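Given next are the chains, with one letter for each unit.
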Amino acid sequence: QVQLVESGGGLVQAGGSLRLSCAASGRTFSSGAMGWFRQAPGKEREFVAGITWNSRRTYLGEAAKGRFTISRDNAKNTVYLQMNSLKPEDTAVYSCAADWDTVYVRTSRYDYETWGQGTQVTVSS
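Criteria and cut-off values
- Residues numbered from 1 in each chain as written.
- Predicted model: local features only at pLDDT ≥ 70, side-chain atom pairs only at ≥ 80, totals over all residues.
- Heavy atoms only, no water.
- Helix = DSSP H or I, 4+ residues; strand = E, 2+ residues; numbered from the N terminus.
- Buried < 20%, exposed > 50% of the residue type's maximum accessible area, 1.4 Å probe, protein only.
- Disulfide = S-S within 2.5 Å.
- Pairing = 2+ DSSP bridges.
- Axes fitted to C-alpha atoms, helices over the stretch in contact; angles between N-to-C directions.

### Here we look at unusual backbone geometry
Then, number 1: The phi torsion at asparagine 77 lies on the positive side, around 55°, for a residue other than glycine.
Then, number 2: As for its position among the elements, asparagine 77 is in the loop between strand 7 (68-73) and strand 8 (78-83).
Then, number 3: For asparagine 77, a relative accessible area of 11% translates into the label buried.
Then, number 4: Phi is positive for serine 85, close to 50°, though the residue is something other than glycine.
Then, number 5: If you trace the backbone, serine 85 turns up in the loop between strand 8 and strand 9 (92-99).

Written out as structure tokens, the structure is:
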């Protein structure tokens, strides 16, 4: 059974940084892509960033461009989201997800089959 477990969330002041991790178990990365999504209260789940299994392709959503970086370490079966210059509007539950059947990064949440439980990120002003 494939499991994704996020960590690294927390409370940070505006302008600060956090690094989220997503550790996968039950399956090694040899295809597909991993994505980070976020959902704030009362809002739709939003694509944040994605990366293919071999790191050859990455894609950042509009809110992440210029501030966030996605990377992965396949030896550790882990994907990271480095978030800098955080803003209060970045407050949300951040979830990682796996899209096993793709050769590029897709941004629709419906393309991702496996999800983690999410980690809360709160940015205070």
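Picking up where we left off.
### Notes on the state of the cysteines
Then, number 1: Per the stated rule, a full pass over the model turns up one disulfide.
Then, number 2: The disulfide partner of cysteine 22 is cysteine 96, and the S-S distance across this bridge is 2.0 Å. Of note, the bridge from cysteine 22 to cysteine 96 carries an S-S torsion of about 60° and is right-handed in sense. With cysteine 22 in strand 3 (residues 18-25) and cysteine 96 in strand 9, this residue pair connects regions lying 74 residues apart in the sequence.
Then, number 3: Overall, the relative accessible area of 1% leaves cysteine 22 in the buried class.

### Considering the environment of threonine 28
Then, number 1: Looking at the secondary structure, you find threonine 28 in the loop between strand 3 and strand 4 (33-39).
Then, number 2: Note on threonine 28: relative accessible area 57%, which makes it exposed.
Then, number 3: Placed 26 residues apart in sequence, threonine 28 and valine 2 show a C-alpha to C-alpha distance of 9.3 Å.

### Brief notes about the sheet that holds strand 3
Then, number 1: Spatial ordering of the open sheet is given by 1-3-8-7, a layout of four strands whose pairing is antiparallel. Where the open sheet ends on each side, the last strands, each with one partner, are strand 1 (3-7) and strand 7. In this sheet, neighbouring strand axes are inclined to one another by 15° on average, regardless of whether the strands run parallel or antiparallel.

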